[in-house]
Amino acid sequence: MSADTDTDTAESNGFSAAERAAMKKRAAELRAEGKKGAKKADGLQAVLDSIAAMAPEDRAMAERVHVTVTETAPELSPKTWYGMPAYANADGKVVVFFQDSGKFNYRYSTLGFQDSANLDDGDVWPVSYALMEWSPAAEKKVAELVKAAIS
């Protein structure tokens, strides 16, 4: 399949058509599960709406972060947190969030972790990471951080 096809492969600039369709289908499945599933579906929809409202560069980055987080840690539930895409544990506590550069007119977007993340490393450790550009290396680092955060 060619790189410019938008049906089955993820493009570096955002969700593919297949990814969008799968997310809509998953939200419908969750709503069909009843009250608890509807809450999860509403959280997913809120995250997707939050991402859709971002500037194009931020939106593309947020979409890739969303895919990476949900594939790496499917046990985390998407929800918004202060209007930002976030992912919470079973207790409803935010573990990881994405802050787009446009939110506060920063020069970079941020991947942040809350105190429920298991990133402790001695007396000092980072809980926020600047994201300038999405790349295979950035994707690998985000996946590693998310895995550590939920361990």
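Further up the page is the structure itself.
Small disclaimer: the values here were computed from a predicted structure and weren't measured.

The rules behind the values
Residues numbered from 1 in each chain as written. Predicted model: local features only at pLDDT ≥ 70, side-chain atom pairs only at ≥ 80, totals over all residues. Heavy atoms only, no water. Helix = DSSP H or I, 4+ residues; strand = E, 2+ residues; numbered from the N terminus. Buried < 20%, exposed > 50% of the residue type's maximum accessible area, 1.4 Å probe, protein only. Areas by Shrake-Rupley, 256 points an atom, 1.4 Å probe, with all protein chains shown as cover. Phe/Tyr/Trp six-rings, centres within 6.5 Å; stacked < 30°, edge-to-face > 60°. Pairing = 2+ DSSP bridges. Axes fitted to C-alpha atoms, helices over the stretch in contact; angles between N-to-C directions. Contact = heavy atoms within 4.5 Å. Expected span 1.5 Å × (residues − 1).

Engineer: Provide a residue-level description of the overall build of the protein, including the pertinent values.
Structural biologist: Within the protein, the regular secondary structure consists of 4 helices and 5 strands. For the protein, the sequential pattern of α-helices and β-strands runs α-α-α-β-β-β-β-β-α. With 151 residues in all, the protein has 40% of them scored as buried. Only carbon and sulfur atoms are counted for the fraction: they give 51% of the accessible area of the protein, which is about 8800 Å².

Engineer: An account of the packing of aromatic side chains is needed here, citing residue identities and associated values.
Structural biologist: Counted according to the given criterion, the structure contains 5 aromatic pairs. Judged by centre distance (4.9 Å) and plane angle (50°), the ring pair of Trp81 and Phe97 falls under tilted. Placement of Trp81 in strand β1 (residues 77–81) and of Phe97 in strand β3 (residues 94–99) is noted, with a sequence separation of 16 residues between them. Seen in terms of ring centroids, Phe104 and Tyr106 are 5.9 Å apart; in terms of plane orientation they differ by 45°. Their pairing is tilted. Exposure remark for Phe104: the relative accessible area of 46% places this residue in the partly exposed category. Every member of this aromatic cluster is reached through a ring pair, and the members are Trp81, Tyr82 and Phe97.

Engineer: Break down the sheet that holds strand β5 (residues 128–131) for me, with residues and values.
Structural biologist: Strand order across the open sheet formed by 5 strands is β1-β2-β3-β4-β5, with antiparallel pairing between neighbours. Taken across any chain shown, the strands that pair with only one partner, and hence form the sheet edges, are β1 and β5. Each strand of the sheet is rotated relative to its neighbour by a mean of 20°, with strand direction disregarded. Where strand β2 (residues 84–88) and β3 come together, 3 bridges link them in antiparallel fashion. Pairing of Ala88 across the sheet is with Val94, part of β3. Helix α3 (residues 56–72) rests against β1, β2, β3, β4 (109–113) and β5 of the sheet, and its axis sits at about 160° to β3. Where helix α4 (residues 136–150) meets the sheet, it contacts β3, β4 and β5, and its direction lies at approximately 20° from that of β4.

Engineer: Run through the pairing of β3, naming residues and quoting values.
Structural biologist: Of all 6 residues making up β3, 6 are buried, and the element is well covered by its neighbours. Where β2 hands over to β3, the hairpin turn is made up of 5 residues, of which Gly92 adopts a positive phi near 85°. Note: β3 against β4, 4 bridges, orientation antiparallel. Along β4, the bridge assignment pairs Phe98 with Leu111.

Engineer: Describe the pairing of β1, listing the residues and the values that go with them.
Structural biologist: Regular strands have side chains that alternate between both faces of the sheet. Sheet topology places β1 next to β2; 5 bridges connect them, and they run antiparallel. From the neighbouring strand, Lys79 faces β2, where its bridge partner is Ala86.

Engineer: With reference to specific residues and values, describe α3.
Structural biologist: Between its first and last C-alpha atoms α3 spans 24 Å; for 17 residues at 1.5 Å apiece the expected length is 24 Å, and the two agree. Counted residue by residue, α3 has 12 buried out of 17 residues, so it is predominantly covered. Within α3, the full set of buried residues consists of Asp58, Ala60, Met61, Ala62, Glu63, Arg64, Val65, His66, Val67, Thr68, Val69 and Thr72.

Functional significance is not addressed by these values, which are geometric in nature.
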